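Examining the three-dimensional arrangement
The lines below spell out each chain.
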4 protein chains.
Amino acid sequence: MLKNQTAILRIHCPDQGGIVARVTDFIHQNKGNVVALDQYTNREENRFFMRVEWELDGFMLERDDIGTVFGPLLGKPLEMVWDLKFSDQIPRMGIFVSKSSHCLYDLLARYEAGELKVNIPVIISNHQEMEKVAKRFEIPFYHVAVTKENKKEQEQKELEILKEHKVDFIVLARYMQILSSDFVSNFPNKVINIHHSFLPAFAGAKPYHAAHSRGVKIIGATSHYVTTDLDAGPIIEQDIIRISHHDSVESLVQKGKDIEKIVLSRAVKAHLDRKTLVYNNKTVVFA
Amino acid sequence: MLKNQTAILRIHCPDQGGIVARVTDFIHQNKGNVVALDQYTNREENRFFMRVEWELDGFMLERDDIGTVFGPLLGKPLEMVWDLKFSDQIPRMGIFVSKSSHCLYDLLARYEAGELKVNIPVIISNHQEMEKVAKRFEIPFYHVAVTKENKKEQEQKELEILKEHKVDFIVLARYMQILSSDFVSNFPNKVINIHHSFLPAFAGAKPYHAAHSRGVKIIGATSHYVTTDLDAGPIIEQDIIRISHHDSVESLVQKGKDIEKIVLSRAVKAHLDRKTLVYNNKTVVFA
Amino acid sequence: MLKNQTAILRIHCPDQGGIVARVTDFIHQNKGNVVALDQYTNREENRFFMRVEWELDGFMLERDDIGTVFGPLLGKPLEMVWDLKFSDQIPRMGIFVSKSSHCLYDLLARYEAGELKVNIPVIISNHQEMEKVAKRFEIPFYHVAVTKENKKEQEQKELEILKEHKVDFIVLARYMQILSSDFVSNFPNKVINIHHSFLPAFAGAKPYHAAHSRGVKIIGATSHYVTTDLDAGPIIEQDIIRISHHDSVESLVQKGKDIEKIVLSRAVKAHLDRKTLVYNNKTVVFA
Amino acid sequence: MLKNQTAILRIHCPDQGGIVARVTDFIHQNKGNVVALDQYTNREENRFFMRVEWELDGFMLERDDIGTVFGPLLGKPLEMVWDLKFSDQIPRMGIFVSKSSHCLYDLLARYEAGELKVNIPVIISNHQEMEKVAKRFEIPFYHVAVTKENKKEQEQKELEILKEHKVDFIVLARYMQILSSDFVSNFPNKVINIHHSFLPAFAGAKPYHAAHSRGVKIIGATSHYVTTDLDAGPIIEQDIIRISHHDSVESLVQKGKDIEKIVLSRAVKAHLDRKTLVYNNKTVVFA
């Protein structure tokens, strides 16, 4: 076991007294040093959420035993939905992209700079323009053109590519195709999209046109987990930028790119740091 | 004529070469000193918008003659929709309010501090709670309770009160009643509302409940001119505040108040400074 | 004991394993239901910070006994600096103000609306302009004019007024006098100021003039606890607003007011909710 | 002459009546179609600023004659400092960078996507890490290591490289060396820097350490023209991001990168669009 590695436990369960005490006591009794803890109780739903991270160095339980002990001891009696990860488990992220490079470059530049604890084994596109970017970063690129007619078989092909590259989760870095419910069901809460509007305003196609037409004074971008309901999945992160009557649709597109890439990268980072937890179509983002 | 008073001319017309030259030349030839000028061309609609303000002191035309000369000389030939005001024409603003005091206090405190060049002759409410606030600022208060049944006659009564107090425009400072089309048609682009969401998201009733339910990470407020189409009038100003999963509906309501009052007051100030111009359901807000 | 009242415990101490477990276990063992918990470890200083709030209803220890038990059991052995409050202990806030009304109105309007859990027994000013505002809200107002020469005796007088009205903490709502070290030492971390700049930029007098002169594109406001070091106390809250070359000093003053009042009110609310904890001239603001 | 090319005229001069009229009349008389006009009068300095852009197609003066006519006709009599550019004059931008890639990638990705109307003939670095990035975009890279001892000769070498590549202006994309006054004097208002703080707060080295130490709740980034006075040149653009006590110096560095790159790119874009005008150490940024 590497030094300084940590275990990350995410929990949600019906609220009741003493959960924090019992969970932290479990860690403390086994000589774990907590380095981060955040918890939250949703009073309307009477539901408790918690993320706790502790150092594995010196912890008395072996990695494989932690869940084995925790489950019967606390997970089951407290009716927890829980999830245990280790900081040296580096997820494998597949990127889907169409023709715009801004989100793709933003992710790849961070990846190369070591900002994102991730592996990127594959980039898939319904166009060919981004192949040169993939090549520069030496990441395998697959061109999978999708039409109404061949969508089903092409998505099957994409699933095979993802499987071959052992992809854990997918980021849609301005991928201008709607994924089928069948496809999405393979990656529950594991497809992160960036939508170029401040959802729920301007869901669907051409949000900058719609924003311009409505005469809003602020535009936004929204990153969310993809569900089978278009642009209606649990929101991870949003941000906005001020605009004015001077802005044309073209300048909205231009300005919007800046928030799209920042919002998407923040959402990906939160996901990679295991700081997100989805419940009832909302995302808890832990501190 | 008082020294340092200014004339404010607002124009929109089909775009064509030389409008700025001709308008500024008209002012210059008559010895006017321009203190502010902002213009904008909407290329999609091929429409030109301009606001120009100049000092009356030393201007060769008398107030009453400016329009008489400008109209035939430039207004008519260039097919302008235009509007001329003078800085010492102080508009009379009627305030409608229900039970919440935050927007009302914000407006009245600015009014008292001399921030808003306005007279406030009357406050109308469908409830009685805000009467004490009106009294403190010594502004006549009318309680006009509105029900489904009596709406028509009560609006008639409100119109009479507004007429009696010579009200030029109306601010809905969290007035929780929908004004009828008939009522609104008396004040075209002269009723300013604050809606407690980032329109067009969460139009209609209970926007904070809807925002909470959707799990957004940012909430907003929107000030707009009221049209007969609910929450769909031309937007004057918007702003937002970041929230998190920790926020309950109650805390959204609380946090939202801060942006509601600031956004409404900014919109009222832009209106009072004659910096707004509505065209095709959008608001140009001049610098 | 009223139903639904809570106990609020704030702690900081040297970091070590198991603090969360031991504190939450203490509450749990005594049948307390935790409604809020936030904690944070400063790794550079190896210091642990925590705020925990639990319902008193059903808690097995009497109010007066909680500290008596907690101190020897955990406070002392873990070398904690700790503090215990109850939600129905409503602090008494004294307001100091000079001539500007915007922060004063913002606080009083929130107070009246029940947003701030506070009593406001007294307003003190070195000018007379705000007396009328105090009268409207029926709060005793004292005019204590301060000059270089009489500062010492006038501050003494102020201290007596504060004592008489049993003031717990002071808010400087744009009070344009520097308090002496002697005065401040009577209220350690209990004087909240609003400075009209984005500290540490433009500390001292006339920050809007300095901002204008420097040509910044954004201005700010900072609320902080007052220490004997001018404008250098621990920061509670800051916010900013975008400006441009169009802005004169006067318009900066005007725009700045909007963030001054919001930032100050947020800081006061955090203080009242017992969410602030000062250590080494920095303020931890709990969620 | 290409269709749709424009002329861009930037002016500042002592304020006096009729400047807008005379300049726009000059364009109008020569059949120029104005596509953008922004002007501003600094009343404190009694100085007038203007940017006007018109289509060359159909304009009656040849490019080379515009200045020849404008100078004696208006420039000289009105004591203007003025500057004329054409939209198809694409400036040549040299990039200086040290080890951090985020600003460099942001600029290069925009450049490749056609967002920036610029040529980038050369990248210079005092380190070798960014050579691989330069190679990917096929831009000549020069490693010019600078020490206290060799600074003078190395800057001479840099000047030669810049001359050889006909560089018009320089962008310091996180270049961690202070340029000498001699060097800077070769590029007056033509060196754009990004400083990783909200200037004037935290000028000089290690601003994130200083921000962390001061306990601010917001950090910023500032792009400015470089003058011989360190971090004190005219500000072009600033932006901020909210932080909390949870942030370590490392996370400030991380979060700061996002605003650094956006702020720098916005400033470069304003410069390329000829929307900036420096006067008295401040930057007018036209709409």
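Keep in mind it's a predicted model, so treat the numbers as computed, not measured. (Residues numbered from 1 in each chain as written. Chains lettered and ligands numbered in written order. Predicted model: local features only at pLDDT ≥ 70, side-chain atom pairs only at ≥ 80, totals over all residues. Heavy atoms only, no water.)

**A short note on the overall build of chain A**
- Per the secondary structure count, chain A includes eight helices and 13 strands.
- Taken over the C-alpha trace, chain A has a radius of gyration of 21 Å; the compact-globule value for 287 residues is 19 Å, and the two agree within 12%.
- Burial analysis of chain A (287 residues in total) assigns 60% to the buried set.
- Partitioning the intrachain contacts of chain A with sequence separation of at least 6 by distance along the chain shows that 67% fall at a separation of at least 24.
- Here chain A has roughly 11600 Å² of accessible surface; of this, 48% comes from carbon and sulfur atoms.
- Once the 37 positive and 37 negative side-chain charges of chain A are each reduced to a mean point, those two points are 3 Å apart. (Helix = DSSP H or I, 4+ residues; strand = E, 2+ residues; numbered from the N terminus. Rg over C-alpha atoms; globule rule 2.2 N^0.38 Å. Buried < 20%, exposed > 50% of the residue type's maximum accessible area, 1.4 Å probe, protein only. Contact = heavy atoms within 4.5 Å. Areas by Shrake-Rupley, 256 points an atom, 1.4 Å probe, with all protein chains shown as cover. Lys, Arg positive; Asp, Glu negative; His and termini not counted. Charge placed at Lys NZ, Arg CZ, Asp CG, Glu CD.)

**Some points on the domain arrangement of chain A**
Residues and elements named next belong to chain A.
- By domain assignment, chain A separates into domain 1 (6-86) and domain 2 (92-285).
- The centre of domain 1, based on its C-alpha atoms, is set 31 Å off from the matching centre of domain 2.
- Facing the twelve residues of domain 1 at the interface are nine residues of domain 2.
- Summing both partners gives a buried area of about 1000 Å² for domain 1 against domain 2, and 59% of it is carried by carbon and sulfur.
- Between the two partners, domain 1 and domain 2, sit zero salt bridges.
- Counting residues per element, the ones that place at least two in the side of domain 1 that touches domain 2 are strand S1 (6-14), strand S3 (47-55) and strand S4 (81-86).
- Partitioning the side of domain 1 that touches domain 2 into residue classes produces six nonpolar, one polar and five charged. (Domains from an automatic or database assignment. Buried area = accessible area lost by both parts, 1.4 Å probe. Salt bridge = Lys/Arg side-chain N within 4 Å of Asp/Glu carboxyl O. Nonpolar A, V, L, I, M, F, W, Y, C, P; charged D, E, K, R; others polar.)

**Observations regarding the relation of the copies chain C and chain D**
- When chain C is fitted to chain D, the best match, at an RMSD of 0.0 Å, comes from turning it 180° and sliding it 0.0 Å along the axis. With respect to symmetry, the two chain copies, as superposed, fit the operation of a two-fold axis. For chain C, the minimum C-alpha distance to the rotation axis belongs to Ala 201 of chain C and amounts to 2.3 Å.
- The fraction of interface residues of chain C whose copies in chain D are also interface residues reaches 100%, indicating that both copies meet through the same surface. (Least-squares fit on C-alpha atoms with pLDDT ≥ 70 in both.)

**Looking at the UniProt feature "active site" (unreviewed entry) in chain A**
- Annotation from UniProt places "active site" (unreviewed entry) at Asp 231 of chain A.
- In this fold, Asp 231 of chain A is placed in the loop between strand S10 (218-225) and strand S11 (235-242).
- Not counting residues up to four positions away in its chain, the partners in contact with Asp 231 of chain A are Asn 193, His 195, Leu 199, Ala 203, Gly 204 and His 224 of chain A together with Arg 214 of chain B. (UniProt positions renumbered as here; feature names shortened; annotations may be inferred.)

**A few points about the relation of the copies chain B and chain D**
- Take chain B, turn it by 180°, move it 0.0 Å along the axis, and it overlays chain D with an RMSD of 0.0 Å.
- A share of 100% of the interface residues of chain B reappears at the interface of chain D, consistent with the copies meeting face to face through the same patch.

**What about the pattern of salt bridges?**
- Tallied over the entire structure, the rule returns 66 salt bridges over all chains.
- Here Arg 110 of chain C makes a salt bridge to Asp 106 of chain C, at a shortest N to O gap of 2.8 Å. Here Arg 110 of chain C pairs with Asp 106 of chain C, and both are found in helix H3 (residues 102-113), just four residues apart, close to one helical turn. Taken as a pair, Arg 110 of chain C and Asp 106 of chain C share a single burial class, namely buried.
- Through salt bridges with shared partners, a single network forms among Asp 106, Arg 110 and Glu 115 of chain A together with Lys 257, Asp 258 and Lys 261 of chain D.

**Describing the sheet that holds strand S8 (residues 169-172) of chain D**
Residue and element names in this part refer to chain D.
- An order of S7-S6-S5-S8-S9-S10-S11 is seen for the seven strands of this open sheet, with the pairing classed as mixed. At either margin of the open sheet sits one strand with a lone partner, and together these are strand S7 (141-143) and strand S11 (235-242). The average angle at which neighbouring strand axes cross in this sheet is 15°, direction not considered.
- Relative to S11, strand S10 (residues 218-225) is paired through seven bridges, and the arrangement is antiparallel. Note on S11: the bridge partner recorded for Gly 220 is Ile 240. (Pairing = 2+ DSSP bridges. Axes fitted to C-alpha atoms, helices over the stretch in contact; angles between N-to-C directions.)

**Considerations on the side chain of Glu 158 of chain C**
Residue and element names in this part refer to chain C.
- Tracing the backbone shows Glu 158 in helix H5 (residues 151-164).
- Within the buried core, Glu 158 has no salt-bridge partner, and the shortest N-O distance to an opposite charge, that of Lys 151, equals 8.6 Å.
- In this view, Glu 158 contacts Phe 96, Ile 124, Val 144, Val 146, Tyr 175 and Phe 183; residues no more than four positions away in its chain are not counted.

**Quick notes on the packing of helix H1 (residues 19-29) of chain D against helix H2 (residues 63-75) of chain D**
Residues and elements named next belong to chain D.
- Look at H1 against H2: their axes get within 12 Å of each other, and the N-to-C directions meet at 150°. Between H1 and H2, the angle is such that the two are roughly antiparallel. The interaxial crossing formed by H1 with H2 has right-handed handedness. Contacts between H1 and H2 pair Arg 22, Val 23 and Phe 26 from the former with Ile 66, Val 69, Phe 70, Leu 73 and Leu 74 from the latter.
- Among the residues making up the contact of H1 with H2, the classes are represented as seven nonpolar, no polar and one charged. (Parallel < 35°, antiparallel > 145°, perpendicular 65-115°, else oblique. Left-handed = near helix turned anticlockwise from the far one by under 90°.)

**Side note on the interface of chain C and chain D**
- Residue-level contacts link 37 residues of chain C with 37 residues of chain D.
- Its largest share of buried area at the contact with chain D, chain C owes to Arg 214, Lys 217 and His 245 of chain C, together 24% of the area lost on that side.
- In this structure, the connection of chain C to chain D is made through four salt bridges.
- Across the salt bridge formed by Glu 237 of chain D and Arg 242 of chain C, the nearest N and O atoms sit 3.3 Å from each other.
- Linking chain C with chain D are 23 residue pairs in polar contact (both at pLDDT 80 or more).
- Contributing elements (two or more residues each) for the side of chain C that touches chain D: strand S2 (33-42), helix H7 (207-214), strand S11 (235-242), helix H8 (249-272) and strand S13 (282-285) of chain C.
- The biggest single contributor to the side of chain C that touches chain D is S11 of chain C, with seven residues.
- Within the side of chain C that touches chain D, the residues separate by chemical class into 17 nonpolar, eleven polar and nine charged. (Polar contact = N/O pair within 3.5 Å; in protein donor to acceptor, adjacent residues only side chain to side chain.)

**Quick look at the packing of aromatic side chains**
- Inspection of the entire model under this criterion finds 44 aromatic pairs over all chains.
- Seen in terms of ring centroids, Phe 96 of chain A and Phe 183 of chain A are 6.0 Å apart; in terms of plane orientation they differ by 70°. Their pairing is edge-to-face. Here the residue Phe 96 of chain A occupies a position in strand S5 (residues 92-97), and Phe 183 of chain A occupies one in helix H6 (residues 181-184), the gap between them amounting to 87 residues. Of the two residues examined, Phe 96 of chain A and Phe 183 of chain A, each falls in the buried class.
- Taken together, the ring pairs in this structure connect Phe 96, Tyr 175, Phe 183 and Phe 187 of chain A into an aromatic cluster.
- Here Arg 63 of chain B stacks its cationic end above the ring of Phe 86 of chain B, 4.6 Å away from the centre of that ring. (Phe/Tyr/Trp six-rings, centres within 6.5 Å; stacked < 30°, edge-to-face > 60°. Lys NZ or Arg CZ within 6 Å of the ring centre and 35° of its normal.)

**So, the pairing of strand S3 (residues 47-55) of chain D**
Residues and elements named next belong to chain D.
- Among the nine residues in S3, eight count as buried, and that is most of the element.
- Judged from the nine bridges that link them, strand S1 (residues 6-14) and S3 form a sheet pairing that is antiparallel. Its bridge partner being in S3, Cys 13 is matched across the sheet by Phe 48.
- In this structure, strand S2 (residues 33-42) lies alongside S3, joined through nine bridges in antiparallel fashion. Bridging from a neighbouring strand, Thr 41 pairs with Phe 48 of S3.
- If you look at the hairpin formed by S2 and S3, you'll find four residues sitting between the two strands, and Asn 46 has a positive phi there, around 50°.

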